[in-house]
Structure formats: C-alpha cells, structure tokens
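Remarks on the overall topology
Here's the letter readout for the chains.
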2 protein chains.
Amino acid sequence: MPDSVLVHAPATVANLGCGFDVLGLALAAPYDTLRLRRTDAPGLTIAHLDDYGLPTDPAHNVAGAALRALLARVPEPVGFAVEIRKGIRPGSGVGSSAASAAGAVVGANALLGNRFSRLELADFAMAGEAVASGARHADNIAPAIFGGLTLVRALEPALDIVALPAPPLWVAVVHPQIEINTRDARQVLPAAVPLGLAVRQWANVAGLVAGFLTADFALVGRALEDHVVEPARAPLIPGLAEARRRALAAGALGGGISGSGPSIFMLNRDGETAHAVAAALGSVFAELGIAYQLHVGRIAGEGARVVAE
Amino acid sequence: MPDSVLVHAPATVANLGCGFDVLGLALAAPYDTLRLRRTDAPGLTIAHLDDYGLPTDPAHNVAGAALRALLARVPEPVGFAVEIRKGIRPGSGVGSSAASAAGAVVGANALLGNRFSRLELADFAMAGEAVASGARHADNIAPAIFGGLTLVRALEPALDIVALPAPPLWVAVVHPQIEINTRDARQVLPAAVPLGLAVRQWANVAGLVAGFLTADFALVGRALEDHVVEPARAPLIPGLAEARRRALAAGALGGGISGSGPSIFMLNRDGETAHAVAAALGSVFAELGIAYQLHVGRIAGEGARVVAE
C-alpha cells in the first residue's frame, strides 16, 4: 500500500443536451492533478497549488468534503494531506468541482488498499458537489469516477450509476470566460415540463443512448436536442445559437451546453473534425470580444486514476 | 409479383413503463391474419372474418384508412380486397388497431413490388391509428412494422423510428376483460410533469434502453418504473398493484401497463418464468372475478410479414 499517490481527475461534460441531470462523459483533457499523502494523525489538510483562491478549509473545499464523507466510513485513525493543482477552471461548466472531489476519493482509496467500490466513491464525492453547488448531484461525479459515458439512473432510494463504454468520438469544448453560477443556472429552470415536451425529451434520451451503444452516430446527432433546459439557459450564454450553427457547418454531430454552462460541447466523428469545430466555436467568441479557452480530445475511457505513487 | 398474400401482423406492447409514447416491442403472439388481393379496379373492400363488429367502410376501418394513405402515393389504378381475421381483441391494449393497419400496408406493399420502405409503411399505417384513437401515433405501429424493440424518436418534422434488436426476453401479458377507451386513458394524463419527476423518467428510459442493448436485464428490471403515466392510469385498472407484486414474486424483471391498458405486461428472463408470471397475473383477476386472457411468448424479431402467397 503506497503512502502517497499522484492522481489525475478528468473534466466531464454533464447533461449532454437532452440528458439533463442524468448523462455525462469524461474528457481526456483538461484534468486536475492531486497529490495525496496518508497521515497517521486523523484530519485533513488541503493546499491549492493554483491561483483560483479556492477555500482550503476541508469543510468548505470540495475535495475536503468528499474526504470527510469517506473518512466517516474508515474506523482506524488516519488522515490525508492533499495538494491540488487545478487544471480545470472553476465555474467553467466541465465539472471542475467534481474532478477535485473524485480525484481526492480515488487517491484516498488507493492509500487505504482500495477497500471502497467505485459506487461508494461516487457517493462520497457527491458530498463535495454539495459544497460546491448546494445540491448532491452525480452527473459530473459519475463520469469523473467511472470514465466513459455514464448514466445516473437514480439517486434514491440508492445511488444507481450505469457505466457505459466510451463511444469512439471526439469532443470539442469552448469555454467562454463569462460567469454563470450553478445556482443561478438552476433557478432559470422550469418547475414543470408540458407532457408533450417531456415525451420529446425522453425520446431523444433514448435515441442518444441507443446511438452511442450501436455506434449510430447520425442518430446521436439527431438526438442531441434539448427541448427543456437549453431554451431556459440559452439567454445566459451569448453566442450559443451561432456557435452551434458554425459547429454543425464544420461537421459536428451536435452538442449543447456543457453542464450548467458557460462551456459548450460538440461531439465529432474524428479528431480532424473536432479541431475544425473547436476553431469554429472559438471564432464566435472572438467576434463577440469574449475571451475563451478550447479543449479538444477523445471521450476518456477512464475516470480519475492514480498515475504515480 | 403475387396478386394475393396472407399476412400475419403481431400484437405489440407500447410505452414499456417509463417510455411513454416512444418505446414499444412486438409479441410473437397473438397476431391478426389478413388476406389481401390486388384488384385492377381502384378502391377498397374490407371484410372482417371475426365477431367484433368493426366498421368495414374503408374510411372508418383502420386497415382501410392505412391503405387509403398508401394508395394516395400509387399513381397507377389499383385497389385491394382485404379480409381480416382479428387474433388480437380490440381494446385490449396490445396494439390491435396497429396490427391491422400494419398488416394491411405490409401486404399491399408486397402486392406492389415492395416499392415502399418500412418507414413509409409506418407513416401510412399511422393514418389507421388516427381512425382508431383520434391521434396519429406510432408507438404500436413501429414495432408492428419493424418487429423487435422500437423507438419513435420523433414524429415531426419527420418520422424517425429507431429499430433495435429484439432482446432475448419473454413477455407475459394479462388482458383483464374491462373496457378502457384510448381517448379516456389519454384524458387522465397530467398536462405537465414536475421537472424532478421528468428527470427520473428519462433516467429510467436511458436505463431501459441501455439495459436492453447491453443485455443487463437486472438494469431493465430497475428501469421499468413509470413516475408519470402509471400513477395517473392505475385507478383505471383494478388489481394492477397486486398483479405487479405477484409477478415480481414469481420472478418477473418488471413491467407495467401495456399501451393505454387494460392489459398488463411483464418481462422475464426465460419461458418458464414467463409462464409462472402469467399464472400469477391471472390469479389476481380470477380472485377479482374479472375474466382475463393470458399471452406468453418471446419478443418477436419480425413485425408484420407475408406468410403465404
């Protein structure tokens, strides 16, 4: 059993358009890097090797809160010293808080002889998400832990996560540097959905899952429409409609808002197309005078993992 | 090109619990039997070789309406004489009208050299459903034409049907002899769905499709819950809750209301279990003093088809 591990924890795209709150996938990049050291003294220390000014009090840090949930299930006296280098910008909409929470519990589990299942780790990591957004949700945590494509089928009465193989697609993500608070993004959501729209939404969810699992990527493209959440959130993201238009013209299968935004993701059949689509996405925000970051990569087959001891 | 064909058109289970209005599957039995003869004189004649008193005026008969939609796309002067022997009781909730409509257009297509695609045939057959229920819907038509498991991803702007392989499961269906009008069954539906419930519903739809496609039948069982439609329709079907309880105790994976009811379906891993589940379902209605029919069979890989010329 090592007494120190280095962990990479990936960015993730939650929702995938129609799959609001339930579907997600892991990105090959960017990722957070965490160094965890086991200590004999109980307790946690958190240090951030980055400039984002995130809290380091374990009760208010996403990694700290996740580790506290894990430690509550560990009978022996043990603690962790954690150093986090954020590769994923907070507030970007690609699961920054989920990555740190997932990376922390995956690292701690390795330092404890891997006694917990991935489902248990996801449950612990959700305590980190609760610190970040006020709600225990798993749509970023699930792909950050399991990798590939994930479905959070249920939170209650028991957490039920379905891990599906990573489709051989490439993702292009643009992160326009505008601020959207996750709480705000939830407040614009409709309280109820007209039945006809709800039916169209779950038809698309079914189509998306079927398209991924049967490698029918034209179907994936057709199913990437969101009749419920995107109409409510689109006003928060200037350029969204134009970004989609240009991405589709550049060959993207389809896409939408990543998580609660402001990032926008597009799925693509190959790397060449993904790079062209990223350029198209960037061009929109360049013209709007909004700074942006681009990420291009495959869907990652693995979630957070120990890369060195 | 034959000038007369004999067609079998299967019963179907629409909705599959959470997949209201979009998912469906074909049953190996029961089925309608149709004899179609091509006539040089334009026009349609419909005869019913059964005792259900269904209309034979082509404009008001489901097979007639479907054939009229098909003939509107045929330039040459041609007509059909159709004899229908219903194997599927009207009003049972296992796609009786869809079977007759699907069988009619599949037979007519064979008599015309198979010039239409299955998607076009589904579109014609929906005209039959409109006669039966007042609405153009495809949730029974799709499996009645394509067989196996089907998803109606969209009706507009273009009909989009996804045909998926038949899972190797067995279906047990009980048809309690109570009357539920499709229009009534739609009137009890909620106009809108609270967002949280809608999310749980599409999580289950995703789980159901994933379970079928990855042969994870425990997941299929967990995903067979319906938070939206069954609560509204359950009061129309006495014995439903007890039927589910006994079916699960007898080994069923899960199930629910078939279509708009009153039939109840249960999915099962094998034939032996399906027969035990059917007996359990029947016992509930026997105790309630309600006559019932049972159907047990595999999910059919094929939809309506010509069985003899």
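Note that the structure is a prediction, hence the values are computed from the model and not measured. (Residues numbered from 1 in each chain as written. Chains lettered and ligands numbered in written order. Predicted model: local features only at pLDDT ≥ 70, side-chain atom pairs only at ≥ 80, totals over all residues.)

1. Digging into the sheet that holds strand β9 (residues 254-257) of chain B
All names here are of chain B. Strand order in the open sheet formed by 4 strands is β9-β10-β7-β11, and the pairing between neighbours is antiparallel. The sheet terminates laterally at β9 and β11 (292-298), the two strands that pair on one side only. Taken pair by pair, the neighbouring strands of this sheet meet at an average axis angle of 15 degrees, ignoring direction. Pairing geometry for strand β7 (residues 170-176) and β11, over 7 bridges, is antiparallel. Note on β11: the bridge partner recorded for Trp170 is Arg298. Sheet strands touched by helix α9 (residues 240-249): β7, β9 and β10 (264-268). Its angle to β10, the strand with the most contacts, is close to 15 degrees. Strand contacts of helix α10 (residues 271-288): β7, β10 and β11, with the helix running at about 15 degrees to β7, the strand carrying the most contacts. (Pairing = 2+ DSSP bridges. Helix = DSSP H or I, 4+ residues; strand = E, 2+ residues; numbered from the N terminus. Axes fitted to C-alpha atoms, helices over the stretch in contact; angles between N-to-C directions. Contact = placed C-beta atoms within 7 Å.)

2. A short note on helix α1 (residues 62-71) of chain B
Residues and elements named next belong to chain B. Of all 10 residues making up α1, 8 are buried, and the element is well covered by its neighbours. Of all the residues in α1, the buried ones are Val62, Ala63, Gly64, Ala65, Ala66, Leu67, Ala69 and Leu70. On its buried side, α1 packs onto β3 (43-48), β4 (79-85), α2 (96-111) and α3 (118-133). (Buried ≥ 20, exposed ≤ 12 C-beta atoms within 10 Å, placed from the backbone.)

3. Topic: the domain arrangement of chain A
All names here are of chain A. Domains assigned within chain A are domain 1 (4-165 + 300-308) and domain 2 (170-298). Measuring from the centre of the C-alpha atoms in domain 1 to the corresponding centre in domain 2 gives 24 Å. Mapped by element, the contributors of at least two residues to the side of domain 1 that touches domain 2 are β1 (4-14) and β2 (23-39). The element best represented in the side of domain 1 that touches domain 2 is β2, accounting for 4 residues. (Domains from an automatic or database assignment.)

4. Description of the relation of the copies chain A and chain B
The two copies are related by a screw operation: chain A maps onto chain B through 180 degrees of rotation and 0.0 Å of translation along the axis, at an RMSD of 0.0 Å. Read as a symmetry element, the transformation amounts to a two-fold axis. Taken as a fraction of all interface residues of chain A, those also at the interface in chain B reach 100%, which identifies the copy contact as same-surface. (Least-squares fit on C-alpha atoms with pLDDT ≥ 70 in both.)

5. Description of the interface of chain A and chain B
Each side of the interface is counted separately: chain A has 35 residues, and chain B has 35 residues. Mapped onto the side of chain A that touches chain B, the elements with two or more residues apiece are β5 (149-154), β6 (160-164), β8 (192-194), α6 (195-213) and α7 (217-223) of chain A. Take the side of chain A that touches chain B: its biggest share by element is 13 residues, from α6 of chain A. Residues belonging to the side of chain A that touches chain B are distributed by class as follows: 26 nonpolar, 5 polar and 4 charged. Here 3 bridges tie β8 of chain A to strand β8 (residues 192-194) of chain B, and the two strands are oriented antiparallel to one another. (Nonpolar A, V, L, I, M, F, W, Y, C, P; charged D, E, K, R; others polar.)

6. With respect to the packing of α1 of chain B against α3 of chain B
All names here are of chain B. Two numbers describe how α1 lies on α3: the axes approach to 7 Å, and their chain directions differ by 140 degrees. Considering the relative orientation of α1 and α3, their crossing is right-handed. Note on element contacts: α3 touches α1 through Phe124, Ala125, Ala127, Gly128, Ala130, Val131 and Ala132, opposite Val62, Ala63, Ala65, Ala66, Arg68, Ala69 and Leu70. Across the contact of α1 with α3, the residue classes tally to 12 nonpolar, 1 polar and 1 charged. (Left-handed = near helix turned anticlockwise from the far one by under 90°.)

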